[in-house]
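# Coordinate inspection notes
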Amino acid sequence: MKYIFIINPFAGPRNAEEFIKSEVAKALANTTQEYEIEFYVTSAPGDATEFVAKYADEHPNLDVCFVACGGDGTVFEVTNGVVGRYNAYMCVYPCGSGNDYVKYYGGRDPFFDILGIFEGSVRDVDVMKVGDKYSINICNFGFESAVADCISTVKRLPVIGGKNAYYTGIAKAIFTSMKNKCKVYADGELLNPDGKILLCSLGNGAYVGGSFNCSPKSDNTDGLMEVCLVKPVSLPRFISLIPYYEQGTHLESDKFKDILIYRRAKNVKVEASDGFKICLDGEIEKCAGATVENIHGGIHFIVPKNAKITPAKNKGTKEAVTV
């Protein structure tokens, strides 16, 4: 297998390209095994998706693992290039600010082990399709899409950006998105007849916003996404609930008993008006409602050697995925 490191020069250290090349060189110096390596530095939004898709299509007989070197945005772009291509695999070198998807596998450290990536195992993971875009981790809307929209504006600013960007987004969304209008259907079941929500998250991964365990029961190989809808609440109650949502105890907590609706579904339909915002792995899409379909085993994902793998069975297939 060939490994191509897709480097976002704006994520992680200022000299991201030099740093990652150095780390790969150090790893190769510690093994007698030979690996085919290439590096690609992105130059604009969408560049990673275009490069990955084109490269895989032009080399149909070559297995290639595209390693997303950056944050959630880089992972999103590589996901959208890999999906549906039988010879394309992906992994993550999590040097961005959020790095949410790898937390499903126990955290970042195993993904910083270059040799661990080379010696990793293939796991066919689910991916959510929204229109012509794909989300590998979390798809959310309502309060959280307002948070994500703010993050995209402040994430590179001092003090309020970086690791604090999610909390900055929360502060702004408190004034704009405590009550959101839309109807949510999970496999045909209307979850909120009154057409109001505080937030709704759809998960194959487990974390959002850097530390919030919004989908603690997620299994990214079972063909179903976790659907967690929270009804509107008062501001004081909202503030009291944040720690439970962050720790991933909200599904069992009595404090959420009257406001939380939880399902597992293959399809989710959202009815909303123009200007509705849905967030796909941190990327905002504006639309008039949306249909989210979970694609079972849509991505060939390389899990590093020492990463945690949940009990779900690894299908390990290499067949083309219909999307």
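Just above sits the structure.
Residues numbered from 1 in each chain as written. Predicted model: local features only at pLDDT ≥ 70, side-chain atom pairs only at ≥ 80, totals over all residues. Heavy atoms only, no water.

The next point concerns helix H5 (residues 143-154). Compared with the 16 Å implied by 1.5 Å per residue over 12 residues, the 17 Å span of H5 between its first and last C-alpha is a close match. Burial within H5 is extensive, with nine of its 12 residues counted as buried. Among the residues of H5, Phe143, Glu144, Ser145, Ala146, Val147, Ala148, Cys150, Ile151 and Val154 are the ones counted as buried. (Helix = DSSP H or I, 4+ residues; strand = E, 2+ residues; numbered from the N terminus. Expected span 1.5 Å × (residues − 1). Buried < 20%, exposed > 50% of the residue type's maximum accessible area, 1.4 Å probe, protein only.)

Here the focus is the nonpolar core. Ranked by internal contacts, the top residues of the largest apolar core, which has 51 residues, are Phe5, Phe66, Tyr105, Ile299 and Phe301. Setting aside anything within four residues of it in sequence, one finds Phe5 in contact with Ile20, Val24, Ile37, Glu38, Phe39, Tyr40, Val67, Cys69, Ile114 and Phe118. Ranked by size, the runner-up nonpolar core spans 27 residues in total, among them Leu199, Phe212, Val230 and Phe256. (Core = buried A, V, L, I, M, F, W, Y, C linked by side-chain atoms within 4.5 Å. Contact = heavy atoms within 4.5 Å.)

Where H5 contacts helix H6 (residues 165-176), the two axes come as close as 8 Å, and the packing angle between them is 125°. It follows from the interaxial angle that H5 and H6 lie oblique. For the pair H5 and H6, the sense of crossing is right-handed. Mapping the contact onto sequence places Phe143, Glu144, Ala146, Val147, Cys150, Ile151 and Val154 in H5 and Ala165, Tyr166, Thr168, Gly169, Ile170, Lys172, Ala173 and Ile174 in H6. Here the residues of the contact of H5 with H6 sort into 11 nonpolar, two polar and two charged. (Axes fitted to C-alpha atoms, helices over the stretch in contact; angles between N-to-C directions. Parallel < 35°, antiparallel > 145°, perpendicular 65-115°, else oblique. Left-handed = near helix turned anticlockwise from the far one by under 90°. Nonpolar A, V, L, I, M, F, W, Y, C, P; charged D, E, K, R; others polar.)

What follows concerns the pattern of salt bridges. One pass over the full model with this rule turns up 15 salt bridges. Notably, a salt bridge pairs Glu271 with Lys269, separated by 3.8 Å at the nearest N-O pair. Note on Glu271: relative accessible area 34%, which makes it partly exposed. Its relative accessible area of 41% is what places Lys269 among the partly exposed residues. Each of Lys2, Glu36 and Glu38 takes part in one network of salt bridges that share partners. (Salt bridge = Lys/Arg side-chain N within 4 Å of Asp/Glu carboxyl O.)

Turning our eyes to something else, we now look at the packing of aromatic side chains. Evaluated as defined, the whole model comprises 20 aromatic pairs. Note on Tyr3 and Tyr35: the rings are 6.2 Å apart at their centroids and 75° apart in plane angle, and the pair reads as edge-to-face. Here the residue Tyr3 occupies a position in strand S1 (residues 2-7), and Tyr35 occupies one in the loop between helix H1 (16-29) and strand S2 (36-41), the gap between them amounting to 32 residues. When its relative accessible area of 22% is taken as the criterion, Tyr35 is described as partly exposed. Plain terms: the ring middles of Phe143 and Phe238 are 4.9 Å apart, the flat faces sit at 50° to each other, and that makes the pair tilted. A residue pair is termed long-range when its members are at least 10 positions apart, and Phe143 in helix H5 and Phe238 in helix H7 (residues 235-247) qualify at 95 residues. In this structure Phe143 comes out as buried when scored by relative accessible area, which is 3%. Residue Phe238 is classed as buried on the basis of its relative accessible area, which comes to 8%. Three or more aromatic residues link up through ring pairs in this structure, and these residues are Tyr3, Phe5, Tyr35, Phe39 and Phe118. (Phe/Tyr/Trp six-rings, centres within 6.5 Å; stacked < 30°, edge-to-face > 60°.)

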